[in-house]
Structures are given as structure tokens and as C-alpha cells.
Amino acid sequence: MEKNLTSGGVLQNIVRFSLPYLLSYFLQTLYGMADLFIIGQFSGTADITAVSIGSQVMHMLTVMIVGLAMGATITIGRAVGGEEHERAALAVGNSATLFMAVSLVLTAVLLVLVRPIAAVMSTPAEAVEGTVQYLTICFVGIPFITAYNIISSIFRGLGDSKSPMYFVAVACAANIGLDYLFIGGMGMGPAGAALGTTLSQTLSVVTALAVIRRQKTGLPLRKACFRPRREVLEPILKVGVPVALQDGFIQVSFILITIIANNRGLNDAAAVGIVEKVISFVFLVPSSMLSTVSALAAQNAGAGKDERAVQTLRYAVILCLGFGLAVGAAVQLLAGNIVAVFDATPAVVKAGSQYIRGYIWDCMFAGVHFSFSGYFCAYGRSGVSFLHNALSIVLVRIPGAFFMSQLFPDTLLPMGCAAAAGSGLSVAVCVIAFVWLRRKGMLEHAAA
């Protein structure tokens, strides 16, 4: 299960690690999009809006959990790179304990706040009950969502990106089948979409635990490793908390933008919800690069091979720039066709086409700052990642979306462009921080 990523060709390691991770993200996004696609076949715009709003809330929670889990990936990766197996085993055990406790608290709190959350989202009246049903069922399933993500982060810290791919493949296949059963066959609407997602995640966790029992991790994992230890949890939280806050901050900005769109009416709300789903699919490559750079750079940092970590960052940036340019150009030609797959209502297609044509360029810029964020996290500098995202959101994304909505009430194109402009600022901050930290010797093995 454990794989050393500190030797061999850098580009080769990136490809071998990122491809399974990319496929995992693809499958995870596919079953997220399946809810929206399948409910669009059997229900109306109100149910589509309910699922898009509810899934956006769940996406925010999931990415925050994944962000916190980044601390586990980095801590385990550095220990593996430095061949400190005892420290790696303690990090695995303490991570599992920490995340299960967090998931139980989240479940209890969110179930109490489900209706206030729907209200804060400015959910259109027609979609309120569907949104509440969707969120209630998904909130019950948070422990399983958390379990899947922490198990995956542990595997990736050990250098294994293939096993999580198999786990999510199980969830994807199950979710699509259950969606057709609950939404199409039983007419359960948004509640059916949520139930399919929750049960599929549960099945994925059961599969993962079965694999772990059969495979050997190569680590001296004992019962005592699961007992919370401050010296083990501190480095996990030092990296994970800023990343979780950053990801939460980003998702809050998306939610605020959704609220702005919701206040423009049902068609614009549906259009923005659809485009957010499509963008999450397009962002597979940038997102996979963030996790790839963090895992590879962490092992190399642990082994004291700082130049290999920089090479990993360089290749990731080049790959993301090329991908972003290609997909941006393609979307300009195919925008209407893409939106119509989910909702063929002419007004929704028109608004969605406008929004995605501006928003799509965010992919190119985001790929660059995602790669830098992965690199900074590997060296324990996740605060830099939080900083550039906070500046982007506060100075550009939210005010840009609001003012563009007010100035251009008949089109969503300028609102989409505000997202790309925000990522452009993040790239500038990342480059400046990278140069300054390197000159100060703060991105070295000894400084990490």
C-alpha cells in the first residue's frame, strides 16, 4: 500500500499519481452530477433548484472536510518520505479518531439548523421543502462522507492514489442505480437524490474497510495509535485547519453568489446551479493537481529533496495552464449545448450559457494557484493558501459578482467573469509569496 514518491522521474510520478486521482474526482463529480441530471429527467425546475442548492451546501461541507484531511495527507506523506513509520502510524490513527469526532458533532448541529440554512440560501419558495428534505437526509450521512474522505487522504499520504479510485467507483455505480430507483421508479424527488447519495457513500466506506482489512499498510498500526496525542494532532491541524477555513471561505463565496443569483429569479437560480455542477467537473484537473502536488511535495520535503518538490510544482502549473486554455476555448463554442443537457428551458439555457462563458476562464487561473497551494501546504505554509484565497474572495469575487449583477441585470456573463478575475489575483499573490519565501529560505526541509 505504501509507495515512495521521492525517486524516479518527477513528471512520471505526477502522471502515475494524478491519473487515478483524476479518475476518482471524475467519478465523484459524476455521481454528484447524476443527481441533477436524473432529477431533471423526472421532475421540474423547482426540484432541480432544490437539488442544486442542497448539493452546493453539501459540497461546501465536503470540501472543508477534505481540506482538514489535507493535514493528514501531508503529515503522513512527510513521515513516509522520511521513513518514520512509527510517526506515520500515529498520524493515521489520530486522524481517524479526530475525523470521526468532528463528523458526529457536525451531524448533530446541522440537523438542528437545516431550515435556517435553507433560508440563508435564499431558496426560492417553490424549492424550500425539496431543499430541506435533501439536506436532512444528507446531514444524517455525514459520518460516512467523512469516513470516505479520511480513508482516501490516508491512502494518498501513503502514496497510493489507486485504492480511493476503486472506492469512489463503487459509490458512483451505486448512486446512479439508486437515483433511478428512488427518483424515477419511486418518485421521491430531492429526497430520493439525497438517499441515493448517502447510501452509495455508505457502501463505499464498507468497501474501503474491507480492503484495509485484507491489505497490509506497511505501518505498525496498533490500538494505541488511535488514542489522541497532542504532538501528533498539532501538525495535522496546523496544515488542515487553514486549508479547511480557506475551502469553507471559498464555498461561502459560492453560496453568496448563488444567493445573488437566486434573487434574480428561478431561471437564473437554476442556470447558476447547473453551471456550478459543470464547473466542478471541469475543475477535476486543477483539483487533482492540488492533491498531487501536496502529496508528492510532502514526501520529497520529508526526504529533504526540495528541488524535486519545486519541479513537481513547475510541471503541475504547465499542465494546468494548457488544460485551462483548451477547455476555455471549447466552452465558448459549446456553452448552450452543455447547459441544455440538464435543463432545456430556453431561458435557463440562455442564462447558463452567459454565465459559463465567463466563469470557465477561472479554470485556467485556479489550476495555477491550486498547484501553488499544494506546494505551500507540503511545507507547512498553508496560511499562504488561506491568505491568497481570502484576498481574492473579499476584494474581487463577492463584490465583483454583486456589482456585476446590479449593473447587468439582463446577463450573467459579467458575474461569471468576476470568478476568473478573483483567481487571477490569487495567482499574483502566490507567485509573489513563492519568490519571497524562497529567498528567505522558508521553503526548505529544515524550515518546514
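Residues numbered from 1 in each chain as written. Predicted model: local features only at pLDDT ≥ 70, side-chain atom pairs only at ≥ 80, totals over all residues. Heavy atoms only, no water.

For the chain, an unreviewed UniProt entry supplies the name MATE family efflux transporter and the organism Candidatus Faecalibacterium intestinigallinarum.

Structural notes on the overall build of the chain
Helix and strand counts for the chain stand at 16 helices and zero strands. The C-alpha radius of gyration computed for the chain amounts to 21 Å, which stays within 12% of the reference 22 Å derived for 448 residues, consistent with globular compactness. With respect to the principal axes defined by its C-alpha atoms, the chain has extents near 60 × 45 × 35 Å. Across the 448 residues of the chain, 58% fall into the buried class. Look at the contacts in the chain between residues 6 or more apart in sequence, and 84% of them connect residues 24 or more apart. Total accessible area on the chain stands at roughly 17,200 Å², and carbon and sulfur atoms take up 69% of it. Computing the positive centroid from 28 side-chain charges and the negative centroid from 21, the chain places the two 9 Å apart. (Helix = DSSP H or I, 4+ residues; strand = E, 2+ residues; numbered from the N terminus. Rg over C-alpha atoms; globule rule 2.2 N^0.38 Å. Buried < 20%, exposed > 50% of the residue type's maximum accessible area, 1.4 Å probe, protein only. Contact = heavy atoms within 4.5 Å. Areas by Shrake-Rupley, 256 points an atom, 1.4 Å probe, with all protein chains shown as cover. Lys, Arg positive; Asp, Glu negative; His and termini not counted. Charge placed at Lys NZ, Arg CZ, Asp CG, Glu CD.)

Observations regarding the nonpolar core
Counting 97 residues, the largest nonpolar core has Met58, Phe139, Tyr355, Phe372, Tyr375, Phe376 and Phe434 as the members making the most contacts within it. For this core, the element with the most residues is helix α12 (residues 306-340), which contributes 10 residues. Of all hydrophobic cores here, the second largest spans 22 residues; its members include Ile65, Ile76, Leu98 and Val232. (Core = buried A, V, L, I, M, F, W, Y, C linked by side-chain atoms within 4.5 Å.)

What about the pattern of salt bridges?
What the rule picks out here adds up to five salt bridges. A salt bridge links Arg397 to Asp362, with the shortest nitrogen-to-oxygen separation between them at 3.2 Å. Of the two residues, Arg397 sits in helix α15 (residues 382-407) while Asp362 sits in helix α14 (residues 362-378), which places them 35 residues apart along the sequence. A relative accessible area of 7% places Arg397 in the buried class. (Salt bridge = Lys/Arg side-chain N within 4 Å of Asp/Glu carboxyl O.)

Thoughts on the packing of helix α10 (residues 266-282) against helix α13 (residues 346-359)
Where α10 meets α13, the closest approach of the two axes is 8 Å, and the angle between their N-to-C directions is 45 degrees. Between α10 and α13, the interaxial angle falls into the category oblique. Relative to α13, the crossing made by α10 is right-handed. Judged by residue contacts, Asn267, Asp268, Ala270, Ala271, Val272, Ile274, Val275, Glu276, Val278 and Ile279 of α10 engage Ala347, Val348, Ala351, Gly352, Tyr355, Ile356 and Tyr359 from α13. For the contact of α10 with α13, the residue count by class is 13 nonpolar, two polar and two charged. (Axes fitted to C-alpha atoms, helices over the stretch in contact; angles between N-to-C directions. Parallel < 35°, antiparallel > 145°, perpendicular 65-115°, else oblique. Left-handed = near helix turned anticlockwise from the far one by under 90°. Nonpolar A, V, L, I, M, F, W, Y, C, P; charged D, E, K, R; others polar.)

Let's talk about α15
Under the 1.5 Å per step criterion, the end-to-end length of α15 is 36 Å for 26 residues, consistent within 8% with the ideal 38 Å. Bending of α15 peaks at approximately 45 degrees at the position of Ile393. (Expected span 1.5 Å × (residues − 1). Bend = angle between axes of the 7 residues up to and from the residue.)

A short note on the environment of Gln251
Take Gln251: it is sitting in helix α9 (residues 230-262). Taking the C-alpha atoms as reference points, Gln251 and Met64, separated by 187 residues in sequence, lie 8.7 Å from one another. Excluding residues that lie within four positions of it along the chain, Gln251 makes contacts with His59, Met60 and Val63.

Notes on the packing of α9 against α10
Think of two packed helices as two axes; the pair is described by the angle between the axes and how far apart they sit. Closest axis-to-axis distance for the α9/α10 pair is 7 Å, and the angle between their directions is 150 degrees. Classed by the angle they form, the pair α9 and α10 counts as roughly antiparallel. Of the residues in α10, those in contact with Thr258, Ala261 and Asn262 of α9 are Asp268, Ala269 and Val272. A class-by-class count of the residues in the contact of α9 with α10 yields three nonpolar, two polar and one charged.

Focus: the side chain of Thr131
Along the polypeptide, Thr131 turns up in helix α5 (residues 128-140). Once residues lying within four places of it in the same chain are set aside, the contact partners of Thr131 are Ala50, Ile53, Gly54, Ala118 and Thr123.

Quick look at the side chain of Thr198
In this fold, Thr198 is placed in helix α8 (residues 190-214). Owing to a relative accessible area of 12%, Thr198 belongs among the buried residues under this scheme. The residues contacting Thr198, other than those within four sequence positions of it, are Ile137, Cys138 and Gly141.

As for a nonpolar patch on the surface
On the surface, Leu11, Val15, Leu19, Tyr315 and Leu319 cluster together to form a nonpolar patch covering roughly 400 Å² of accessible area. At the level of secondary structure, the elements contributing two or more residues to the nonpolar patch comprise α1 (10-42) and α12. The element that contributes the greatest number of residues to the nonpolar patch is α1, accounting for three residues. The residue Tyr315 is located in helix α12 in this model. (Patch = residues over 30% accessible without salt bridge, like charges linked within 9 Å, V, L, I, M, F, W, Y side chains within 5 Å.)

Points about the packing of aromatic side chains
Counted under the stated rule, the structure contains nine aromatic pairs. Note on Phe372 and Phe434: the rings are 5.7 Å apart at their centroids and 70 degrees apart in plane angle, and the pair reads as edge-to-face. Pair noted here: Phe372 is in helix α14 and Phe434 is in helix α16 (residues 413-439), with a separation of 62 residues, a long-range link. Overall, Phe372 belongs to the buried group, its relative accessible area being 8%. According to the relative accessible area criterion, Phe434 is buried, its value standing at 16%. Plain terms: the ring middles of Tyr375 and Tyr379 are 5.2 Å apart, the flat faces sit at 45 degrees to each other, and that makes the pair tilted. (Phe/Tyr/Trp six-rings, centres within 6.5 Å; stacked < 30°, edge-to-face > 60°.)

Regarding the environment of Pro242
Following the sequence through the fold, Pro242 ends up in helix α9. Put simply, Pro242 and Gly71 are 171 residues apart on the chain and 9.4 Å apart in space, counted from C-alpha to C-alpha. Not counting chain neighbours up to four residues away, the residues in contact with Pro242 comprise Leu237, Ser382, Gly383 and Phe386.

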